[in-house]
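# Results of the structural survey
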Amino acid sequence: MGLYEREQDLEKLSRRLDLALDSYRCGMWEADLDSNVTYWDERMHQLYGLVYTDGATNEATWLNALHPDDRGSALSAVNTAIGARETYVHQARVVLTEGAVRHIRSVGKLHVSPEGRRKLVGIALDVTDDVVMTEQLRAAKAMADAKNAELEQARIRIEHNSLHDPLTGLGNRRMLDKALERLTGQNTDALQSIAILHIDLDRFKQINDTLGHAAGDAMLVHASEILRSNMAPGDMVARIGGDEFVVVVTGAPGAAELAALCDRIIAEMRQPVDYNGFPCRFGVSIGVAVARQAHADARKLLVNADMALYRAKENGRNRYQFFTQMLQAEVVTAKRVADEILEGIERDEFVPWYQPQFDASTLALSGVEALIRWRHPRQGILTPDKFLAIADELNVTAALDRLVLEKSLADQMRWAAAGLRVPKISVNVSAKRLQDERLLASLEGLSIVPGQISFELVESIFLDESDDIVTANIEGIKKLGIDIEIDDFGTGHTSIVSLLKIKPKRLKIDRQLVVPVLGARTEQALIRSIIDIARSLGIETVAEGVETMAHAEMLGILGCDLLQGYAFSKPLSAENFLAFATDRGLRLAS
Ligand code: C2E
Ligand code: CA
Ligand code: CA
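### Notes on the packing of helix α6 (residues 173-185) against helix α10 (residues 298-314)
- Running from N to C, α6 and α10 point in directions that differ by 125 degrees, and their axes come no closer than 7 Å. Between α6 and α10, the crossing angle belongs to the class labelled oblique. Residue-level inspection shows R173, L176, L180, E181, L183 and T184 of α6 in contact with α10, the latter providing A298, R299 and L302.
- Looking at the contact of α6 with α10 residue by residue, the classes come out as 5 nonpolar, 1 polar and 3 charged.

### Thoughts on a nonpolar patch on the surface
- Judged by side-chain polarity, I496, L500 and I533 come together as a nonpolar surface patch covering roughly 250 Å² of accessible area.
- On the secondary structure map, I533 appears in helix α19 (residues 521-536).
- The exposure class assigned to I533 is partly exposed, which follows from its relative accessible area of 37%.

### Considerations on the coordination of the calcium ion (ligand 3)
- Within the protein, the atoms that donate to the calcium ion (ligand 3) are D487 (OD), D488 (OD), E544 (OE) and E544 (OE), at distances of 2.2 to 2.4 Å.
- In the primary structure, the donors to the calcium ion (ligand 3) are separated according to the pattern D-D-x55-E.
- Distance-wise, the calcium ion (ligand 2) is placed 4.1 Å from the calcium ion (ligand 3), both being coordinated by D487. Residue D487 is located in strand β19 (residues 483-489), and its partner E544 is located in the loop between β21 (540-543) and α20 (549-558); the two are separated by 57 residues in the primary sequence. A single burial state applies to D487 and to E544, both of which are buried.

### A look at the sheet that holds strand β9 (residues 244-249)
- The strand order across the open sheet formed by 5 strands is β8-β9-β7-β12-β13, and the pairing between neighbours is mixed. With one partner strand each, in any of the chains shown, β8 (236-241) and β13 (320-322) form the two edges of the open sheet. Looking at each pair of strands side by side, their axes are set apart by 20 degrees on average, direction ignored.
- The pairing of β8 with β9 spans 5 bridges and is antiparallel. When the bridges of β9 are listed, G241 appears paired with E244.
- The strands that helix α8 (residues 213-229) touches are β7 (194-202), β8 and β9; relative to β9, the one it contacts most, it runs at about 10 degrees.
- The sheet strands contacting α10 are β7, β9, β12 (283-291) and β13, and the helix crosses β12 at an angle near 140 degrees.

### What about the sheet that holds strand β4 (residues 88-95)?
- Ordered by their spatial adjacency, 6 strands build an open sheet running β3-β2-β1-β6-β5-β4, and the pairing between neighbours is antiparallel. With one partner strand each, in any of the chains shown, β3 (56-57) and β4 form the two edges of the open sheet.
- In the sheet, strand β1 (residues 27-32) pairs with strand β6 (residues 118-126) via 6 bridges, with the strands oriented antiparallel. Its bridge partner being in β6, M28 is matched across the sheet by I123.
- Against the sheet, helix α5 (residues 128-163) engages β4, β5 (101-112) and β6, with an angle of about 125 degrees to β5.

What counts, and at which threshold
Residues numbered from 1 in each chain as written. Chains lettered and ligands numbered in written order. Predicted model: local features only at pLDDT ≥ 70, side-chain atom pairs only at ≥ 80, totals over all residues. Heavy atoms only, no water. Axes fitted to C-alpha atoms, helices over the stretch in contact; angles between N-to-C directions. Helix = DSSP H or I, 4+ residues; strand = E, 2+ residues; numbered from the N terminus. Parallel < 35°, antiparallel > 145°, perpendicular 65-115°, else oblique. Contact = heavy atoms within 4.5 Å. Nonpolar A, V, L, I, M, F, W, Y, C, P; charged D, E, K, R; others polar. Patch = residues over 30% accessible without salt bridge, like charges linked within 9 Å, V, L, I, M, F, W, Y side chains within 5 Å. Areas by Shrake-Rupley, 256 points an atom, 1.4 Å probe, with all protein chains shown as cover. Salt bridge = Lys/Arg side-chain N within 4 Å of Asp/Glu carboxyl O. Buried < 20%, exposed > 50% of the residue type's maximum accessible area, 1.4 Å probe, protein only. Donors = N, O, S within 2.8 Å, 3.2 Å for Na, K, Ca; no water. Pairing = 2+ DSSP bridges.

The values reported here are purely geometric and, on their own, carry no functional implication.
Take a look at the structure:
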């Protein structure tokens with residue numbers, strides 16, 4: 001190839017390069033390191049905001065055009081590139097006359113000619129748009145990050161609030177539900193032993209009612225602190241209702257350990273707490289349920305703890321109760337019996353049976369005691385021990401008592417029509433009925449002949465003498481011509497003083513005192529003195545549980561007025577009683 005063609009080729013190449021540089025708006029520079037003469041093309045001058053004359057410039061001019069803060073790094077980048085014979089890359093700010101800043105990136109390379117002349121040759125281009133864009137992006141990202149952090153904070157706050165009780169800071173019902181769900185979902189060995197304590201404050205309502213809500217709140221906070229301080233890490237305490245708390249113990253607790261924990265909680269809660277100078281006292285009842293097998297259902301466990309709590313309260317407060325299978329069976333039975341009792345009342349399955357009472361000296365029929373029976377559709381005749389306690393819990397004993405009274409009055413009339421005169425009917429009156437304000441109203445409209453009806457009240461009712469309603473009811477009952485008998489006398493604590501106050505018509509000496517009357521002299525002496533005291537107060541005596549004629553005779557000798565017991569008859573249905581009386585010739589000749 002001739003020189004001419006070579007020049008032509010070079011020319012072509014140079015034009016192409018020019019075109020490329022132009023389209024990127026690149027400037028070109030070339031620094032002769034040995035002579036310190038630098039050549040900048042026209043675009044370089046434009047980039048640096050300098051006037052182009054012949055292209056010659058120098059390092060000082062270059063550095064001077066840069067932002068003062070960028071000069072050091074620019075120079076050291078140059079030196080490094082030369083020393084290491086590496087590509088020179090640097091970005092620096094150029095301050096234009098109007099104060100505007102332009103970002104310029106330079107790229108260059110060391111070039112050594114065959115003669116040994118060293119040149120640094122490169123290009124430069126305006127990257128201001130990139131820099132601005134990057135900065136904007138960075139700012140936008142920072143803003144988004146800040147927003148996200150704020151949202152996260154809000155989310156954490158909302159989640160915390162939705163899972164915590166604001167008063168005590170303990171978990172709330174939702175937190176407990178979540179924990180139970182989580183525990184139920186776990187099929188690991190860790191679940192082999194978890195315990196749930198269901199805790200209910202005793203006497204909390206009184207504090208709230210008498211000292212106000214602020215006092216109540218203070219007590220709740222106090223209680224929560226006691227619970228918290230008794231927890232091991234990993235356990236959970238939640239307040240799930242007004243004065244109800246649940247503790248979930250997960251650290252494989254043993255029964256003895258749990259019992260000790262309950263004892264501790266109970267002891268600490270019993271300590272009086274000062275509220276504005278008032279010593280406040282409350283207690284706790286605790287129901288405990290433990291799951292020892294894997295795959296336990298934690299929610300079921302809570303139901304069991306609840307059942308145990310109910311029992312703990314029933315047994316008197318300030319105590320704990322573990323859930324057992326037996327307890328479960330009892331609760332299930334009680335629930336079924338409760339439902340059946342309510343149905344039974346609707347279907348009129350409850351009736352009085354009658355046990356005759358006799359005059360101890362003449363053995364004439366003096367009256368009957370009406371005793372409730374349940375004509376159960378499947379189980380036949382049921383005695384009160386099978387249902388009365390449950391009926392009491394259902395608050396229906398008062399209704400049953402009233403029903404017995406009404407049916408007794410009807411039966412008495414039916415017997416009279418058949419020629420049998422029953423001088424007196426005693427009915428049992430539950431404590432609840434005696435405490436009921438509506439008792440007297442419920443007796444209005446009944447055809448009660450004075451002296452023909454007695455109410456048997458158990459001795460324990462009179463322990464609480466301060467009860468105004470009871471006192472008023474007793475007075476009202478007497479005014480209606482109904483006699484008062486004190487039932488199960490000798491087992492409780494009736495004082496002579498309250499005997500004088502109530503002035504009952506009769507005392508019924510309890511079976512427990514009557515049964516041994518033939519044996520021990522002390523029992524005889526006890527019955528004799530009861531009879532003597534009663535006599536001196538003008539009160540008659542009835543012996544119940546008289547099982548043999550020998551007992552009857554002895555009681556007669558001791559001065560007892562009336563006798564009732566298996567020696568004469570068991571309780572009988574209305575029809576059977578009529579037949580019994582007819583048999584015994586007790587029926588009046590008609
Ligand atoms: P209570 O008032 O002491 O009734 C006497 C109980 O002793 C009756 O049991 C009767 O069947 C039983 N009994 C009678 N004679 C003898 C005897 O010689 N030996 C023995 N061992 N027992 C005898 P019942 O009918 O099962 O009544 C049990 C309790 O249920 C009653 O005790 C009473 O407290 C309560 N009760 C019965 N009916 C009513 C009622 O209508 N209303 C209320 N509130 N309670 C009732
Ligand atoms: Ca009785
Ligand atoms: Ca009795």
